[in-house]
Amino acid sequence: MSKMNYKQISKGFKRFFWGQNTAVIAAIISIVLVPVIFIFGNRCGALDLPGTFNFLIRLILIATLFYAFTTHKLFLLQATTVGLLFCMLFAQSQYALGALATTDSEVYITMGLQGFIFLAGERMLLFIQCFICVGHFVIHSAKRQVAIRVSLNQIALLFLLGLSFVQLVISPFLTFAPTYVFYIWTSHLEEFFIFLLIACAELVLVVDGKELGGGMSNVSK
């Protein structure tokens, strides 16, 4: 890849995730999907009390993160991003190590390729979320921030968005009850837009820290 192409991709990345419209759309869709997921999760019996509490906290964090993003309150943005990252990590670990662990792997494998990809994708999502959480702390707690760490974390976020999209495509083809399939699909759709919102927040924090944005660092009020 030429230097010019890399710069164009980098500028396009910043323009997309820096734009307030991206964060607005991601936040609105994420909030609207919470009651939908709650309804179908209860109908199929997949949503327990800890899961319900997680959704409530997630709803508060999404609204707070969006408020911090639009007002450029960087301390609140940093704190809320951490909270939402851990909230998502808890939910994914509960599903990947709980619900999937109690279900025989053969149930998914016998579905064919889509079942195997979905099962592997859920475990991969958990791994990438762990990587992003650790990366977030390394980037923002190190005495001297390194641009390569920021780039790795942003690449991981993009990979996570891509993996979430794959799960969205695969979910409707799983041979479960329609309510459970719809619960899984809407859950992954919400996760996709939540991580899109987190990517926007991360870029604001990075640019303000003069990691990648240079002269664009004066965003705080």
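Structure: see above.
Being a predicted model, the structure only gives us computed values, none of them experimental.

## So, the packing of helix 2 (residues 20–43) against helix 3 (residues 49–71)
Then step 1. The interhelical angle for the contact between helix 2 and helix 3, taken along N-to-C directions, is 165°, at an axis separation of 10 Å. By the angle between their axes, helix 2 is roughly antiparallel relative to helix 3. Considering only the axes of helix 2 and helix 3, their crossing is left-handed. In this structure, helix 2 contributes Gln-20, Ala-23, Val-24, Ala-27, Ser-30, Ile-31, Val-34, Ile-37 and Phe-38 to the contact, and helix 3 contributes Thr-52, Phe-55, Leu-59, Ile-62, Ala-63, Phe-66, Phe-69 and Thr-70.
Then step 2. Among the residues making up the contact of helix 2 with helix 3, the classes are represented as 13 nonpolar, 4 polar and no charged.

## Notes on the environment of Leu-125
Then step 1. Position of Leu-125 among the secondary structure elements: in helix 6 (residues 113–141).
Then step 2. As for Leu-125 and Leu-89, which are separated by 36 residues in sequence, their C-alpha atoms are 9.2 Å apart.
Then step 3. For Leu-125, the residues in contact, after removing those within four places along its chain, are Gln-92, Leu-160, Leu-163, Ser-164, Gln-167 and His-188.

## A few points about the packing of aromatic side chains
Then step 1. Applying the stated criterion across every chain, the model contains 7 aromatic pairs.
Then step 2. Consider the rings of Tyr-108 and Phe-176, whose centres lie 5.5 Å apart with planes at 65°: the pair is edge-to-face. With Tyr-108 in helix 5 (residues 105–109) and Phe-176 in the loop between helix 7 (147–170) and helix 8 (178–208), the pair connects residues that are 68 residues apart, well separated along the chain.
Then step 3. Since its relative accessible area comes to 1%, Tyr-108 is described here as buried.
Then step 4. Under the relative-accessibility criterion, Phe-176 is labelled partly exposed at 26%.
Then step 5. Above the face of the Phe-40 ring, Arg-43 is positioned so that its terminal group lies 5.5 Å from the ring centre.
Then step 6. Above the ring of Phe-55, the side-chain terminus of Arg-58 is found at 4.5 Å from the ring centroid.

## Let's talk about the nonpolar core
Then step 1. Within the largest apolar cluster, 57 residues are counted, with the highest numbers of intra-cluster contacts made by Leu-77, Leu-84, Tyr-108, Phe-195 and Ile-198.
Then step 2. For this core, the elements supplying multiple residues, two or more each, are helix 2, helix 3, helix 4 (74–99), helix 6, helix 7 and helix 8.
Then step 3. Broken down by element, this core gets its largest block of residues, 16 residues, from helix 8.
Then step 4. Contacts of Leu-84, omitting those with residues within four sequence positions, involve Arg-58, Leu-61, Ile-62, Leu-65, Ile-194 and Ile-198.

## Here's the deal with the pattern of salt bridges
Then step 1. The tally for this structure, following the rule as stated, stands at 1 salt bridge.
Then step 2. Salt-bridge contacts for Glu-190 lead to Arg-58; the nearest nitrogen and oxygen are separated by 2.5 Å. You can see Glu-190 sitting in helix 8 and its partner Arg-58 sitting in helix 3, a full 132 residues away along the chain.
Then step 3. Judged by its relative accessible area of 0%, Glu-190 falls in the buried class.
Then step 4. Assessed through its relative accessible area of 3%, Arg-58 is described here as buried.

## Comments concerning the packing of helix 3 against helix 4
Then step 1. At their nearest, the axes of helix 3 and helix 4 sit 9 Å apart, and the two run at 155° to each other. On the basis of their axis angle, the class for helix 3 and helix 4 is roughly antiparallel. In terms of crossing hand, the pair formed by helix 3 and helix 4 is left-handed. Counted together, Pro-50, Gly-51, Asn-54, Ile-57, Arg-58, Leu-61, Ile-62, Thr-64, Leu-65, Tyr-67, Ala-68 and Phe-69 of helix 3 and Leu-76, Leu-77, Thr-80, Thr-81, Gly-83, Leu-84, Cys-87, Met-88, Phe-90, Ala-91 and Gln-94 of helix 4 form the full contact between these two elements.
Then step 2. Of the residues in the contact of helix 3 with helix 4, the class split is 15 nonpolar, 7 polar and 1 charged.

Conventions used here
Residues numbered from 1 in each chain as written. Predicted model: local features only at pLDDT ≥ 70, side-chain atom pairs only at ≥ 80, totals over all residues. Heavy atoms only, no water. Axes fitted to C-alpha atoms, helices over the stretch in contact; angles between N-to-C directions. Helix = DSSP H or I, 4+ residues; strand = E, 2+ residues; numbered from the N terminus. Parallel < 35°, antiparallel > 145°, perpendicular 65-115°, else oblique. Left-handed = near helix turned anticlockwise from the far one by under 90°. Contact = heavy atoms within 4.5 Å. Nonpolar A, V, L, I, M, F, W, Y, C, P; charged D, E, K, R; others polar. Phe/Tyr/Trp six-rings, centres within 6.5 Å; stacked < 30°, edge-to-face > 60°. Buried < 20%, exposed > 50% of the residue type's maximum accessible area, 1.4 Å probe, protein only. Lys NZ or Arg CZ within 6 Å of the ring centre and 35° of its normal. Core = buried A, V, L, I, M, F, W, Y, C linked by side-chain atoms within 4.5 Å. Salt bridge = Lys/Arg side-chain N within 4 Å of Asp/Glu carboxyl O.

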